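Survey of secondary and tertiary structure
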Amino acid sequence: MPNAQHNAAPSGAAKDSGLTNLLGLTRDELEVWVEGLGEKSFRARQLFKWVHQLGATDFQAMTSLAKSLRDQLNGRAELRELPILRDHQSVDGTRKWLLDAGQGNAIETVYIPEDDRGTLCVSSQAGCTVACGFCSTGHQGFARNLSTAEIIGQVRMANRLLDPSGRRAAVSNVVFMGMGEPLLNYEAVRGALQILLDDNGYGLSRRKVTVSTSGVVPFIERLAAECPVALAVSLHAPNDPLRDRLVPLNKKYPLAELLAACRLYLRSGPRDFITFEYVMLEGINDSQDHARELVSLVTQAKLYCKFNLIPFNPFPGSGFRRSPAERVRQFAQTLQAAGMVATVRKTRGDDIDAACGQLAGDIQDRTLIRLRRLDAGAEGLALGSHETSSPHHA
């Protein structure tokens, strides 16, 4: 039952077993690997289906494979997911898992059920280097990238636990909006996308898989060329000075470059719009002037987009407050009056800290982000002091 703590075995991330984890191989890669065992390439397609569509956990249960191949798999391969440390379920049906990523690190995965779909929010890194101040993960620092197998393992785990019968895939949509910046772990994320989209894998359409990025421009361009899926961009500010402070990556890839990359992405992407995520921070980025500036920004960029306004979800030490509901409503109305599509995201799972911006896991920080943040605070460089005199932005 959810809200339980599991006694998990040590994560494979902490120690290499010497076996090939088949969860991390695309179908093309699996064909090469299977041929290396002296088998025909069509066996790879069968094996791929067993692993991803059927969720098999035992090679001997893969009855359409020759026994000789099953015996080889037992000695050479594994199907290893990150062990579950904790499993929580919200009163609204949202479910969150804390997974052991090895060496004292843990990541989080969240399932959000809706009437017409089931969305899984997956993590791509243990921690994050982008260090946005309003994001709990950003406060944790960064430990390491996740592998393709560790990303796909989150989807496989969720499908198995949400429907133990295996009769249906509970996960219909996957969003890379968990811990980490997906495009700073590009190769592993691309591999995971290829497996998710493969008709012999999870068979998801490109419109039902979304990569969310804080704006890593070179990899937005690569994603468009190599594996275009729906794209969401964490915008959060209508101008460079404010975005520099909210999203430090903006200093490297400012808004003009980011919007140009988004415009090019639409030529290849499965949707005819970019989703801009905009967390609403009281007294920081939520005024009517900010809304009008946002309209001007995307109008001048000639970019068709949708705004997803996100009520800020508080966490200890953030230094921010959620914008009042009426201010969020007025902000959305200003965008809509200018012909923009703007929605306010419904907060889900906040009673189990599973809402947007709340995922924290447990990170052994290799980047000293936490120490640098403390130093900045001690020197009076906190974000709010530049933008507002409100006492809570200290």
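Now for a look at the structure at hand.

What follows is about the nonpolar core. Core analysis: the biggest nonpolar cluster contains 108 residues, and L22, F176, F276 and F307 have the highest contact counts within it. If you tally residues by element for this core, the top one is helix α6 (residues 186-197), at eight residues. Ignoring sequence-local partners within four residues, the contact set of L22 consists of L30, W33, L47, H52, F59, L73, A77, E78 and L79.

Moving on, we get to α6. An ideal rise of 1.5 Å per residue puts 16 Å on twelve residues; α6 measures up with 16 Å between its terminal C-alpha atoms. The element α6 is largely enclosed, with a buried count of nine among its twelve residues. Summarising the contacts, the buried residues of α6 are in contact with α2 (42-53), α5 (148-162), β10 (173-176), β11 (209-213) and α7 (217-226).

Below, the discussion takes up the packing of helix α1 (residues 27-35) against α2. For any two helices packed against each other, one specifies the crossing angle of their axes together with the interaxial distance. It is the contact of α1 with α2, at a shortest axis distance of 8 Å, that shows an interaxial angle of 125°. As far as their axial angle goes, α2 and α1 are oblique. As for how α1 packs across α2, the hand of that crossing is right-handed. When α1 is examined against α2, the residues R27, L30, E31 and V34 are found in contact with a partner set consisting of R43, A44, R45, L47 and F48.

One pass over the structure, following the stated rule, counts 17 salt bridges. Residue R27 is joined to D198 by a salt bridge in which the shortest nitrogen-to-oxygen separation is 2.9 Å. Linking R27 in helix α1 with D198 in the loop between α6 and β11, this pair joins segments that are 171 residues apart in sequence. Where R222 meets E187, a salt bridge forms, and the shortest distance between an N and an O atom there is 3.2 Å. Residue R222 is found in helix α7, and its partner E187 is found in helix α6; the two are separated by 35 residues along the sequence. Residue classification places E187 among the partly exposed positions, given a relative accessible area of 42%. Residues joined in a network through salt bridges with shared partners are E187, R190, R222 and E226.

So, how was this worked out
Residues numbered from 1 in each chain as written. Predicted model: local features only at pLDDT ≥ 70, side-chain atom pairs only at ≥ 80, totals over all residues. Heavy atoms only, no water. Core = buried A, V, L, I, M, F, W, Y, C linked by side-chain atoms within 4.5 Å. Buried < 20%, exposed > 50% of the residue type's maximum accessible area, 1.4 Å probe, protein only. Helix = DSSP H or I, 4+ residues; strand = E, 2+ residues; numbered from the N terminus. Contact = heavy atoms within 4.5 Å. Expected span 1.5 Å × (residues − 1). Axes fitted to C-alpha atoms, helices over the stretch in contact; angles between N-to-C directions. Parallel < 35°, antiparallel > 145°, perpendicular 65-115°, else oblique. Left-handed = near helix turned anticlockwise from the far one by under 90°. Salt bridge = Lys/Arg side-chain N within 4 Å of Asp/Glu carboxyl O.

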